[in-house]
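Residue-level structural notes
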Amino acid sequence: MAIHALNVTKRFGDFVALDDVSLEIPDGSLTALLGPSGSGKSTLLRVIAGLEAPDTGTVSLNGRDVSTLPAHRRGVGFVFQHYAAFKHMTVARNIAFGLEIRKRPKKEIKQRVAELIDLVHLEGLGNRYPSQLSGGQRQRMALARALAVEPEVLLLDEPFGALDARVRKDLRAWLRRLHDEVHVTTVIVTHDQEEAMEVADSVVVMQKGRIEQEGAPQELYENPVNRFVMSFVGPVSTLGDALVRPHDLEIRHSPNGTTRAATVDRLVHLGFEVRVMLTLDDGEQVEAQLTRDEAAQLGIDAGSSVYVRPRAERHFADGDESDGQEPATVSQSSP
Amino acid sequence: MTASLTRYGLRFVALGYLLALLIVPVVMILRKAFENGFGPFWTAITQPDAVHALKLTLEIALISVPLNTAFGIVFAIMLVRHDFPGKSVLNAFLALPFALSPVVIGLALILAYGEGGWFGKDLANAGFQVVFSMPGMILATLFVSLPFVAREVMPVLREIGDEQEQAAATLGAGAFTTFRRITLPAIRWGVIYGVILTTARCIGEYGAVAVISGNVIGETETMPLIVKRLYDGFDKQGAYSVSVVLAAIALTTVLLMTLFKPKVEA
């Protein structure tokens, strides 16, 4: 295991940021810690890095207990949401910092910095200052700076959180490719489920200082253990006490005994995907997701009276989102 | 129209204020000092007592400024970056030299370090006289100029935050390396401004130094003290001339600091 956190608890005053959390992250993987703000995901990352001291619990990196080591002895790379660029140093000096601390020969540093500048595509910008770079460039510089010292693990704390949507999408695709090239064990903290699912091999969903579920993105999407995970890793519509993915909601023109009557409020065309906003007979509002072709075939419009039924639905023991690992029941019916 | 009127009005008031308070008096001093030409000015500032006062003032500043710069940075880092019991008390104490009248500071130091004071006897037995001599004057100067560097550095430290320092730590830099390579360059303008103010105060301090020095002519007399003595003794030429030298030193400090401005401000 590259990272092993065991029974970690951390309080800030009365607030419990981490509640007896244990986590194992395999060597060479790219794992996402996913959760809403206040779920403890950033605190867990900072505890692993040694930037935050846990109240109880231990952290091991590659089998070495580092719990008592300060951050500068742990050999981790850390990337901050707001870049934490050294503003008074050029890009090249920023990247060289960790190597200079380690007193590597000048020639080696120069060569390594040049390699890293190529790796993160900042060619020709080595002599710029951070203030002369865009947000995306600054974050790539920060990544190169963290990678320069060949860390045992790379920890990214909402690395793309301060960037605009377009740059964010580009950078996460780039990060995935980079990881396939460099293979360093990487943990990325994010509150964006799409980002987590797109980038990571494995996703750890956290809430209120606890781990709710961990697994491959598909596993989480298809077999969420509770209501919170189901609604956090993808969109859901609620029919009574059942949770349904919008693409599992069938829309028909005629009833068939298991359907409920509904009225179409609005159609939202998003290219390939069409979202249908519906109001059920009891006034509840649900959302269905169709492909463009399905929507065209169905021939519905705002105001149409239709019948809906879930193709697959999920029931969780009770409605409380914070409940732990209660078993989910799945009912599947053929369309 | 009214907007520009307001703007010009504001400028006029600000400049007028500056003119009345600062520029006119300083120009008057300059005029008076050179009223009878350069000769009398030169004679006044080269008399042995004046030369000694200049040397003493600079010596005190050379010792006090580095000490208070170092302690000011330490205080600022402690107060901004660390949490410890009594932090708010320390913060309040740091304002004391501003709040307390310098004369009171001088008297307090005499009480603590004088012959009848708490440590006075022990110090005297050890052959170390504080009051009416240079050590006491340095103490008084340190006291009155203590807060400047800390007060200038603290807001800068707050503003830069601690993320750069944390990043340096994850890259393998220990506390001292992080301070030297990351924190110090980031706060340098706060430090420099603090040093300017500290220097100005060290050179110009009158009250506290006057009390503790005992005003021994040719021995414990600094430049502000000699200005006052000459003025009281109707040697106006001497008083104005030494004042001009004091003002020149202050101006030079400010100019030197401005010249060191880096070319690229990232």
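See the structure printed just above.
Okay, so let's go over this structure. Model, not experiment: these values are computed from the prediction.

Residues and elements named next belong to chain A. The phi angle at A84 is positive, at roughly 50°, despite the residue not being glycine. Inspection of the secondary structure assignment puts A84 in the loop between strand 6 (76–79) and helix 2 (91–101). A positive phi angle, close to 50°, is found at K208, a residue other than glycine.

To continue, consider the interface of chain B and chain A. At the interface, 16 residues of chain B touch 22 residues of chain A. Breaking the side of chain B that touches chain A down by element, the ones donating at least two residues are helix 10 (163–170) and helix 11 (175–204) of chain B. A breakdown of the residues in the side of chain B that touches chain A according to their chemical character gives nine nonpolar, six polar and one charged.

Residue and element names in this part refer to chain A. Within the element layout of this structure, R309 appears in strand 17 (residues 305–310). For the pair R309 and D14, spaced 295 residues apart in sequence, the C-alpha separation works out to 45 Å. Excluding its chain neighbours within four sequence positions, the residues that come into contact with R309 are E250, T258, T259 and R260.

With that settled, the discussion passes to helix 5 (residues 165–182) of chain A. Residues and elements named next belong to chain A. A rise of 1.5 Å per residue sets the reference length of helix 5, with its 18 residues, at 26 Å; its end C-alpha atoms lie 25 Å apart and thus fit the reference within 8%. Of the positions making up helix 5, those classed as buried are R168, L171, R172, L175, L178 and H179. Buried residues of helix 5, seen end-on, are gathered within an arc of 125° and therefore sit on one face of the element. Facing away from the buried side of helix 5 by more than 90 degrees, the exposed set consists of R166, A173, R177, D180 and E181.

Of all hydrophobic cores here, the largest spans 152 residues; its most connected members are I95(A), L155(A) and A140(B). The element best represented in this core is helix 3 (residues 48–81) of chain B, accounting for 11 residues. When near neighbours in sequence (up to four residues on either side) are disregarded, L155(A) contacts L45(A), I48(A), A49(A), V76(A), G77(A), F78(A) and V187(A).

Glancing now at the environment of A288(A). Residue and element names in this part refer to chain A. Considering the arrangement of structural elements, one finds A288 in strand 16 (residues 285–291). Between the alpha carbons of A288 and E250 there is a distance of 7.7 Å; along the sequence they are 38 residues apart. Apart from the residues within four sequence positions on either side, A288 is in contact with P246, L249, I251, V276, L278 and V308.

Conventions adopted
- Residues numbered from 1 in each chain as written.
- Chains lettered and ligands numbered in written order.
- Predicted model: local features only at pLDDT ≥ 70, side-chain atom pairs only at ≥ 80, totals over all residues.
- Helix = DSSP H or I, 4+ residues; strand = E, 2+ residues; numbered from the N terminus.
- Contact = placed C-beta atoms within 7 Å.
- Nonpolar A, V, L, I, M, F, W, Y, C, P; charged D, E, K, R; others polar.
- Expected span 1.5 Å × (residues − 1).
- Buried ≥ 20, exposed ≤ 12 C-beta atoms within 10 Å, placed from the backbone.
- Arc of directions from axis to C-beta.
- Core = buried A, V, L, I, M, F, W, Y, C linked by C-beta atoms within 7 Å.

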